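Examination of the molecular architecture
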Amino acid sequence: MSKILIIAEHDGSTLNPSVAKVVACAANIDAAEIDVMVLASDAGAVAQEAAKIDSVSRVISVERSENSHPIAAVLAPQIVAAASGYSHVFGPSTTFGKDLMPHIAALLGVNQVSDIMSVENSHTFKRPVYAGSGLLNVEAPADSIVVATVRIASFASAGSSNSAPIESADNSIEVPVHTRFVELTSGKSDRPDLQTSAKVVSGGRGLASEENFELIYKLADKLGAAVGASRAAVDAGYVPNEMQVGQTGKIIAPDLYIAVGISGAIQHLTGIKDAGTIVAINKDEEAPIFEVADIGLVADLFSAVPELTDTLD
Ligand SMILES: Cc1cc2nc3c(=O)[nH]c(=O)nc-3n(C[C@H](O)[C@H](O)[C@H](O)COP(=O)(O)OP(=O)(O)OC[C@H]3O[C@@H](n4cnc5c(N)ncnc54)[C@H](O)[C@@H]3O)c2cc1C
């Protein structure tokens, strides 16, 4: 029988919504027993949230002061120490999981399966290649542990009516000190999280400056949306890198995606292919974004966006 260990992403007090999606993926593996591991300095509230996720058999909390920040080099050996007896170790294909899971795979001496989109059987998974232009079935060896990241945009969240038991793991192994948390310099924002928000407004090179990006923030705030950007907007310095949507940025699946001044390059579209309704505002009626948009507005963004924002008053 498959026994799956899922590593919980969290910020120390709240469980990241990606966890319920990874559980939904794991639940597609027949007869799976699913444990969620919360590594934290104080796992209490996060473990309580994880215990509510349907299909979770057990929550294992690993509390130690070194776990107060998610440093992959510190977390990975603790996870590996607890991984014996498991057939799979899963994490989300978010920045957290993309950082952590390869450390785990390397320590266990296996290749990682990346970006699971669907489960064919316990060791065969579908994943995207070439910016989502192709889909591949990859088969992991049956005789070794499977370490994988799950493409969270491909799974609906598991329900939250469970009350799984929470156990503390005694994990006193030595962890590396060569890598440690110094400070977090990323911008703190009160806006919804880009990777899990139901609504996202993104801006591209068409905005033409950091100052003009204010138009995107205003529209997003009226809608209660997260803010994203194309790589061109990031490269031009209009917004920080963590806002990039696409192949080399964040893969997202909001119910509503509004692309402003974005042409719709394949590398951008791969990040939004699971979005519900796509709205595009672009002055070029030939822009490829209109081929995937459900609603398209051919207009100058500098008049269309303020007008749209005002109508939301
Ligand atoms: C390996 C690789 C990985 C990549 N990864 C990513 C990725 O993760 N994410 C990503 O986004 N890109 C990625 N790219 C880059 C991608 O190919 C495009 O270059 C990028 O998406 C273009 O961004 P853009 O649409 O903002 O800019 P442009 O292609 O320059 O488009 C700007 C658009 O704005 C419109 N516009 C201009 N002025 C106005 C106005 N006043 N009103 C309305 N519309 C206006 C124009 O008509 C145009 O369509 C990657 C490329 C490579 C090679």
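Bear in mind the structure is a predicted one, so any value in this text is a computation, not a measurement.

**As for the pattern of salt bridges**
- Tallied over the entire structure, the rule returns six salt bridges.
- Of the charged contacts, one joins E66 and R64 as a salt bridge, the two residues approaching to 3.2 Å between their closest N and O atoms.
- On the accessibility criterion, R64 (14% relative accessible area) is buried.
- A salt bridge links R191 to D221, with the shortest nitrogen-to-oxygen separation between them at 2.7 Å. Placement of R191 in the loop between β10 (166–168) and β11 (199–203) and of D221 in helix α5 (residues 214–223) is noted, with a sequence separation of 30 residues between them.
- Residue classification places D221 among the partly exposed residues on the basis of a relative accessible area of 46%.
- Beyond isolated ion pairs, a larger network of salt bridges with shared partners links D35, R58 and E167.

**Some points on the environment of E66**
- Position of E66 among the secondary structure elements: in the loop between β3 (58–63) and α3 (72–82).
- C-alpha of E66 to C-alpha of M1: the two residues are 65 residues apart in sequence and 33 Å apart in space.

**A look at the layout of surface pockets**
- One number sums up the size of the second largest pocket: a volume of about 290 Å³.
- Forming the boundary of the second largest pocket are 17 residues, of which S230, R231, A232, A265 and H268 lie nearest the centre.
- For the lining of the second largest pocket, a count of residues per class yields four nonpolar, eleven polar and two charged.

**Examining the side chain of S61**
- Position of S61 among the secondary structure elements: in strand β3.
- Overall, S61 belongs to the buried group, its relative accessible area being 5%.
- Those residues within four positions of S61 in sequence are excluded, and the remaining contacts are V38, A43, I166, E167, S168 and A169.

**Structural notes on the site of the ligand**
- Around the ligand, a shell composed of 25 residues is seen, among which R205, S230, T248, S263 and N282 lie nearest.
- R205 has a polar side-chain atom sitting 2.7 Å from an oxygen atom of the ligand.
- In this structure, L301 approaches the ligand through a main-chain N or O atom, which is 2.8 Å from a nitrogen atom.
- Protein chains bury 76% of the 980 Å² of accessible surface belonging to the ligand in isolation.
- Contributing elements (two or more residues each) for the shell around the ligand: α6 (231–235), α7 (266–269) and α9 (301–311).
- Taken together, the residues of the shell around the ligand sort by class into seven nonpolar, 13 polar and five charged.

**Let's talk about the domain arrangement of the chain**
- Per the domain assignment, the segments of the chain are domain 1 (2–168) and domain 2 (199–311).
- Centre-to-centre separation of domain 1 and domain 2, based on C-alpha positions: 30 Å.
- Facing nine residues of domain 1, the contacting portion of domain 2 comprises ten residues.
- When residues of domain 1 are sorted by the area they lose upon contact with domain 2, A131, R151 and A153 head the list and together hold 63% of the total.
- The interface formed by domain 1 and domain 2 includes one salt bridge.
- One salt bridge connects D274 with R151, and the closest N-O pair in it is separated by 2.5 Å.
- Our count for the contact surface shared by domain 1 and domain 2 stands at two residue pairs in polar contact (both at pLDDT 80 or more).
- In terms of residue class, the side of domain 1 that touches domain 2 is made up of three nonpolar, four polar and two charged.

**Description of unusual backbone geometry**
- Phi is positive for D115, close to 65°, though the residue is something other than glycine.
- Take D115: it is sitting in strand β5 (residues 112–116).

**Quick look at the pairing of strand β2 (residues 33–40)**
- For β2, the buried fraction is high: seven of the eight residues fall into the buried class.
- Sheet topology note: the strand β1 (residues 3–7)/β2 ladder contains five bridges and is parallel. When the sheet's bridge partners are listed, I7 is paired in β2 with M37.
- Once the chain exits β1 it traverses helix α1 (residues 18–26) before rejoining the sheet at β2, and the crossover so formed is right-handed.
- Pairing of β2 with β3, which is carried by six bridges, proceeds in the parallel orientation. Its bridge partner lying in β3, L39 is registered against V62.
- Once you follow β2 into helix α2 (residues 44–51) and on to β3, the crossover reads as right-handed.

**So, the packing of aromatic side chains**
- Taken as a whole and assessed by the stated rule, the structure comprises two aromatic pairs.
- Relative to F125, the ring of F90 has its centre 6.3 Å away and its plane inclined at 75°; by these criteria the two rings are edge-to-face. With F90 in strand β4 (residues 88–92) and F125 in strand β7 (residues 124–129), this residue pair connects regions lying 35 residues apart in the sequence.
- In this structure F90 comes out as buried when scored by relative accessible area, which is 0%.
- Its guanidinium or amino end placed over the ring of Y86, K3 lies 4.7 Å from that ring's centre, counting from NZ or CZ.

About the cut-offs
Residues numbered from 1 in each chain as written. Predicted model: local features only at pLDDT ≥ 70, side-chain atom pairs only at ≥ 80, totals over all residues. Heavy atoms only, no water. Salt bridge = Lys/Arg side-chain N within 4 Å of Asp/Glu carboxyl O. Buried < 20%, exposed > 50% of the residue type's maximum accessible area, 1.4 Å probe, protein only. Helix = DSSP H or I, 4+ residues; strand = E, 2+ residues; numbered from the N terminus. 1 Å grid on protein atoms, 1.4 Å probe; cavity = no way out; pocket = protein on both sides within 12 Å on 5 of 7 lines; lining within 4 Å. Points joined across faces, edges and corners; volume = space filled by probe spheres on them. Nonpolar A, V, L, I, M, F, W, Y, C, P; charged D, E, K, R; others polar. Contact = heavy atoms within 4.5 Å. Near = heavy atom within 4 Å. Polar contact = N/O pair within 3.5 Å; in protein donor to acceptor, adjacent residues only side chain to side chain. Areas by Shrake-Rupley, 256 points an atom, 1.4 Å probe, with all protein chains shown as cover. Domains from an automatic or database assignment. Buried area = accessible area lost by both parts, 1.4 Å probe. Pairing = 2+ DSSP bridges. Right-handed = clockwise from strand over helix to strand, strands pointing away. Phe/Tyr/Trp six-rings, centres within 6.5 Å; stacked < 30°, edge-to-face > 60°. Lys NZ or Arg CZ within 6 Å of the ring centre and 35° of its normal.

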